[in-house]
Amino acid sequence: MAILTVSNISKSFGIDDILVDISFSIEEKDKIGVVGLNGTGKSTLLKILAGEISHDSGKLFIERSVRIGYLAQSAKYECNQTIREALSTVFQEQLNQQKELRELEHLISSPEVYKDKTRLENLMHRYSTLFELYKSKGGFEVDSRICGVLQGLGFDDDTIPISNLSGGQKTRLALAQVLLKS
């Protein structure tokens, strides 16, 4: 059974055709490699499969249970970030939701808000809606997921600045981000 099927995929950047009518399928348990000269569209194809960029024409089928990640050849990081901070960026939406929840909690706990019943109801409704969204987006699992990936990839200390990491460690950090995105 095919878990991925590409039919006549094409991609252009401006007037440059990068991919033209690419077709193939990957069956469950297949092992594949993407080989070609520099500039022939290997990275472009992989980015299309990972959903990072769109294709211009053709069809793409990916089995629902399949997740595809793309690990770029050279990841860019802010040198002053720690390993934990770099991985937390994957969950920026949940972190923003968590921050807003804390702000709403602070407002709701203020005695003044209880003098205005409509404002209190609006705050409580916003909190309830945001709480459910945060929960459904995996907000409560963020720390656990980060810790699991760090441990699995051999990082013992997540407070190390990225500027102190070796090239191999930076590659493992990039892999950790890909794993957390899927």
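See the structure shown above.
Residues numbered from 1 in each chain as written. Predicted model: local features only at pLDDT ≥ 70, side-chain atom pairs only at ≥ 80, totals over all residues. Heavy atoms only, no water.

Asks: Just checking my understanding: could you explain helix H3 (residues 92-108) for this structure?
Replies: In an α-helix, one full turn covers 3.6 residues, which means residues spaced three or four apart are oriented alike. Taking 1.5 Å as the rise per residue, H3 with 17 residues should run 24 Å; its terminal C-alpha atoms sit 24 Å apart, in good agreement. Of all the positions in H3, only Gln94, Gln97, Leu101, Leu104 and Ile108 are classed as buried. Projected down its long axis, H3 carries its buried residues within an arc of 80°, all on one side. Facing away from the buried surface of H3 by more than 90 degrees, the exposed residues are Lys99 and His106. (Helix = DSSP H or I, 4+ residues; strand = E, 2+ residues; numbered from the N terminus. Expected span 1.5 Å × (residues − 1). Buried < 20%, exposed > 50% of the residue type's maximum accessible area, 1.4 Å probe, protein only. Arc of directions from axis to C-beta.)

Asks: Honestly, the packing of H3 against helix H4 (residues 117-136) in this entry has me stumped. Any pointers?
Replies: Helix-helix packing: each pair is described by the crossing angle between the helix axes and the interaxial distance. Interaxial distance between H3 and H4 falls to 10 Å at its minimum, and their mutual angle equals 155°. Between H3 and H4, the interaxial angle falls into the category roughly antiparallel. As H3 runs across H4, the sense of the crossing is left-handed. Here H3 contributes Gln94, Gln97, Gln98, Glu100, Leu101, Leu104, Glu105, Leu107 and Ile108 to the contact with H4, which in turn contributes Arg119, Leu120, Leu123, Met124, Arg126, Tyr127, Leu130, Phe131, Leu133 and Tyr134. Grouping the constituent residues of the contact of H3 with H4 by class yields 12 nonpolar, three polar and four charged. (Axes fitted to C-alpha atoms, helices over the stretch in contact; angles between N-to-C directions. Parallel < 35°, antiparallel > 145°, perpendicular 65-115°, else oblique. Left-handed = near helix turned anticlockwise from the far one by under 90°. Contact = heavy atoms within 4.5 Å. Nonpolar A, V, L, I, M, F, W, Y, C, P; charged D, E, K, R; others polar.)

Asks: How should the nonpolar core be read in this particular structure?
Replies: As a rule of thumb, soluble globular proteins bury nonpolar side chains together. Ile83, Leu87, Ile146, Leu173 and Leu180 are the most contacted members of the largest nonpolar core, which has 16 residues in total. Looking at this core, the elements that each hand over two or more residues are helix H2 (83-88), helix H5 (142-152) and helix H6 (167-181). Take this core: its biggest share by element is four residues, from H5. With sequence-adjacent residues up to four places away left out, Ile83 is seen in contact with Leu150, Phe155, Asp157, Asp158, Ile160, Ile162, Leu165 and Leu173. (Core = buried A, V, L, I, M, F, W, Y, C linked by side-chain atoms within 4.5 Å.)

Asks: How should I be thinking about the sheet that holds strand S2 (residues 16-27) in this particular structure?
Replies: Either a parallel or an antiparallel arrangement is found when strands of a sheet pair, and the pairing is made through backbone hydrogen bonds. One open sheet holds the three strands; their spatial order is S2-S1-S3, and the pairing between them is antiparallel. For this open sheet the edge positions go to S2 and strand S3 (57-62), each flanked by a neighbour on one side alone. In this sheet, neighbouring strand axes are inclined to one another by 15° on average, regardless of whether the strands run parallel or antiparallel. Where strand S1 (residues 2-13) lies against S2, eight bridges are found, and the strand directions are antiparallel. Bridging across to S2, Ala2 finds its partner in Glu27. (Pairing = 2+ DSSP bridges.)

Asks: Would you mind going over a nonpolar patch on the surface with me for this structure?
Replies: Taken together, the side chains of Ile32, Val34 and Leu46 present a nonpolar region at the surface, about 250 Å² in accessible area. One can find Ile32 in the loop between S2 and helix H1 (42-49). (Patch = residues over 30% accessible without salt bridge, like charges linked within 9 Å, V, L, I, M, F, W, Y side chains within 5 Å. Areas by Shrake-Rupley, 256 points an atom, 1.4 Å probe, with all protein chains shown as cover. Salt bridge = Lys/Arg side-chain N within 4 Å of Asp/Glu carboxyl O.)

Asks: Whenever I open this one, the pattern of salt bridges confuses me. Can you help?
Replies: A side chain with one charge can pair with a side chain of the opposite charge if their charged atoms come near. Summed over all chains, the structure comprises seven salt bridges. The salt bridge partner of Asp158 is Arg84, with a shortest N-O separation of 2.7 Å. Taken as a pair, Asp158 in the loop between H5 and H6 and Arg84 in helix H2 lie far apart in primary sequence, 74 residues in all. Accessibility classification places Asp158 together with Arg84 in one group, the buried group. Between Arg126 and Glu100 there is a salt bridge, with its nearest N and O atoms 2.9 Å apart. With a gap of 26 residues between them, Arg126 in helix H4 and Glu100 in helix H3 connect regions that are remote in the sequence. Accessibility expressed as a relative area gives 34% for Arg126, which makes it partly exposed. Taken together, the shared-partner salt bridges in this structure form one network comprising Arg84, Asp143 and Asp158.

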